[in-house]
Every structure is written in C-alpha cells, then in structure tokens.
Amino acid sequence: MEVVRVEGGARLEGEVTVPGAKNSALKLMAAALLAPGGTVLHDVPDILDVTIMAELLRRLGCRVEQDAPARRVAVDVPEQVGHRADYELVRAMRASISVLGPLLARVGEVDVALPGGDAIGSRGLDLHVDGLRQLGAEVDVAHGYLVARAPRGLRGALVPLAFPSVGATENLLTAAVLAEGTTVLDNAAREPEVVDLARMLSAMGARIEGVGTSQLRVEGVARLRPVQHRVVPDRIVAGTWAYAAAAAGGDVHVRGARAEHLGLVLDKLTLAGVEVVPTGDGLRVLGPRPPRRPRAVDVATLPYPGFPTDLQPFALVLGAVSEGSAVVTENLFEARFRFVPEIARLGADVRVEGHHVLVRGRPALSGAPVEASDIRAGAALVVAGLVADGVTEVSGVQHLDRGYDAFVPQLAALGARVERVQRSPGSLPLPGPG
Ligand code: UD1
C-alpha cells in the first residue's frame, strides 16, 4: 500500500504550474466522438482519469495517443464507433457517462453502465435522462445499464433543467449539436468547463448561442469536424495551491491560475487575511506568516459562480487552523462530509449539523494516519498534514492520482517535507457492519 507521508511545519515558497482542467479534458475527449477524424487536445493533465477515458474511447473503436510529458492527447475517431461503456470503466470513473450525449447524437444508440455507489453521494442521472427524452430519445434501464435509443435521430426541443447540473448540461449540449432543429437549454450550468466544451464544439462547427450564460441555444448541424483545442486551466487545482499557500503561510506563484474563474474563492481567501496578487500569467498567493493566523470565514458551496464544492474540503482545513469559528455549508454533495471525521483525526475541532460543519480554529493540527475517500479529500488531507505537528500519512493515494498531476513532487519542490512511501497493509480485518 502506498501512502503520502507529510511532515508538518514547512513553509511553501516558489512556483507551480496549473495544467488543463480534469473536468474539462474528460468531456472534450468524449466530445471528440462527435466528429470522425483526428482531434488533438493540448494541456491535458497527466492523471489516471484521462488514462481511463482514453481506454474507454479505444474500446469504442478510436485510436488514442496520450503523450503525457507533452500533455497532449490525440483521438482518431473512425466513421463507425461502438456504443457501449462498460461497468468496469464507469465504476472506475463516473465521468465515463459523458459519452452518453456524443454517442446518442452520433450513433443513435448507447448503452452506458449505471455508475452506482459513489464516494461523494448519490448523484442522480434523472436530469440527463429527462433531457434526452425531450430530445426524442427512448431511455430505459436494463441489466445495470442505461439504454438510450434514437433510431430516427434527435429533435431539438426546449429543455428546462430543474437544477444547473454540470454533467446533464454537457450531455444535453453534446446531444443537441447534431439534433435536427433548435434546442434551448434553460437553467444550464455555467462552469468554465462547460464554457470550454461549448467553445470546442463551436470550433467543430456547432452553432451555440449564450455560451457562459444559463440559457444555451443550439441550432443542430448535420456534421461536425475534428479540431485542435487547448484545455482551460484547472481552477480547482489552482484553488488547491492557493489554499495550500494560505494554510501553510506560504508565498506561491500559481502560474496559469485565472482570477476570473476563482472570484468567490479569492474573495474568501482575502477575507481570511491571505494576500492574492495578480501576476502576468497567474496569481501570487501569500498566506499570513506564523505566528499570525488566517481569520475564520464562512463558506457555502453553490453552482458556478458560487463557491465550488470541490474546494470545500480545503476551506474546512483552512478554517481548522484559523482564528475564530466558521460555518462551512455543503449544498451539492452531502457525502463530501465523509472527509470531516478524517480531519477530526488530525485534531480539527469540527461538528457536523446536517449539511453544515461548525469549525473552531486551532493554532495547529496534530499529525496522524488518515484515509482519503475522494480526489479532493485526498489533496485536502495532504494540505492539512502541512499544518499538523509531526507526521501525517494519507492513504487512498489512488484518489489523488485520479485528479492531480504531479501533486507530491510539486509540493516537495515548494519546500514541503512530503513523499510517497510504501507501507505494508495492516493485518487487522476491516470493521464489518456487525
Ligand atoms: C461535476 C464535477 C464535480 C463537481 C460537480 C459540481 C466532473 C467530472 N465532475 O460533477 O467535480 O463537484 O460537477 O460542480 O465534471 N443531480 C441530480 N440529477 C442529475 C444530475 C445531477 O440530482 O441528473 C444532482 C447531483 O446529485 C448533485 C448536483 O445535482 O447533487 C450537482 O451535480 P452535477 O452538477 O451534475 O455534478 P457532476 O456533473 O456529477
């Protein structure tokens, strides 16, 4: 078993570079299916989820070349593509369901395994399914698969979303671009990754109006062409570095961070006493230097442009070492609070009340072995280890590898005492339900 071992107390200083966004790159790779020929993506992060998406596209008949050092992925899409996303892959990565829209539009049929249990909560697919039905698809569930058919093609329609779901907006957008007639997606998600997808689709020849707003208007076209596209920088990775610098009293130049995608996050950091200075190509983040401490700040997650749910665990870590008390509210994924007992193991004073956590700041945390339950929890526990006395060992390292490109080496280059080490798995049985 591999763990990330962190020795707390080091200050972070230096620069890091933010790669393209995981949550964009995966959808762009899936969207490549819409056009036969060679699509090339630049600034693709070298992470496990990209490797899984590449494998899924290969099984659908594409040739995929992943040049990890160059951060480039080339997808060659044949005229005839497959239509099935197996459980094995969907279980490994829920974002596999983003082939639903492109395959339905391009092939007229698609079988995608239902993701099932998910470490960050019961994320429904009802909005995806309802929307696709409004575009004329027949959608059923059989043998653990979502089975969607549109033998006579999709038809444009007015699709109001009950909630601005990122995944549903993306699947409906990628379905609508090849549908016949006009589709209006109302209450669409406005995340920068959705905008990135819309921009790539437009470059492929799609006709989309209202990009970046909550109403997307799509005129279907008969055919799309492959393109070259640069993935938008990862605002969650940028936010991770900003919170790491804030918590550890660092001075970090986060190259590639885009202030316009981090509005509320930077406001909250500034309120906490962190200095954020725009540079020509990113942001310089200066945390309060010990013995000064950050100030406690309330945070509530909401769809973009609200505070991102993916950064909520980091806000909690910062709150845990701030002066004063704060309330952190999670409005998107209830199970993100699985992380709370783990930072409590590091000595954080945290109490869960429904979808709120009351956190009372302490001067420092106290190192201990902890376990990551998802990608962001993994990174947030490593950041917590930076401000904990002694040694913290974070297990569940595979979660980090799913979403962070070279996280540990970059952290070490900033001066953190951090490394990956092998541990022999414990011989005690895991606790059972009884
Ligand atoms: C994406 C991101 C994830 C991020 C989230 C919110 C990827 C791979 N993941 O996830 O990192 O935290 O956006 O910014 O891009 N919902 C339904 N029914 C549906 C769809 C969603 O009830 O049909 C609910 C979910 O249970 C959740 C909320 O809507 O409570 C938000 O989900 P959604 O915006 O769809 O997030 P994802 O696309 O799954």
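Residues numbered from 1 in each chain as written. Predicted model: local features only at pLDDT ≥ 70, side-chain atom pairs only at ≥ 80, totals over all residues. Heavy atoms only, no water.

Some points on empty space enclosed by the protein
Scanning all chains against the criterion turns up seven cavities of 30 Å³ or more. When its volume is computed, the largest cavity comes out at roughly 70 Å³. Elements with a contribution of two residues or more to the lining of the largest cavity: α9 (263–271) and α10 (312–320). Top contributing element to the lining of the largest cavity by residue count: α10, with three residues. When grouped by side-chain class, the residues that make up the lining of the largest cavity number eight nonpolar, two polar and two charged. Within this model, the second largest cavity holds a volume of roughly 40 Å³. Lining the second largest cavity are V44, P45, D46, V50, Q66, D67, A68, R71, R72 and V73. Taken together, the residues of the lining of the second largest cavity sort by class into five nonpolar, one polar and four charged. (1 Å grid on protein atoms, 1.4 Å probe; cavity = no way out; pocket = protein on both sides within 12 Å on 5 of 7 lines; lining within 4 Å. Points joined across faces, edges and corners; volume = space filled by probe spheres on them. Helix = DSSP H or I, 4+ residues; strand = E, 2+ residues; numbered from the N terminus. Nonpolar A, V, L, I, M, F, W, Y, C, P; charged D, E, K, R; others polar.)

Examining α9
Here α9 has its buried residues at V265, L266 and L269. Seen end-on, α9 carries its buried residues on one side only, within an arc spanning 95 degrees. Lining the buried residues of α9 we find α8 (235–247), β16 (275–279), β17 (282–286) and α10. The positive-phi residue at the C-terminal boundary of α9 is G273, with phi of around 95 degrees. (Buried < 20%, exposed > 50% of the residue type's maximum accessible area, 1.4 Å probe, protein only. Arc of directions from axis to C-beta. Contact = heavy atoms within 4.5 Å.)

Looking at the site of the ligand
Around the ligand, the structure places 21 residues, and the nearest of them are D126, L127, S165, D310 and L332. Contacts to the ligand include V166, whose backbone N or O atom sits 2.8 Å from an oxygen atom. The contact in question runs from an oxygen atom of the ligand to an N or O atom on the side chain of D310, over 2.6 Å. Calculation on the ligand without its partners gives an accessible area of 740 Å², and the protein chains cover 85% of this total. (Near = heavy atom within 4 Å. Polar contact = N/O pair within 3.5 Å; in protein donor to acceptor, adjacent residues only side chain to side chain. Areas by Shrake-Rupley, 256 points an atom, 1.4 Å probe, with all protein chains shown as cover.)

Structural measurements only, silent on function.
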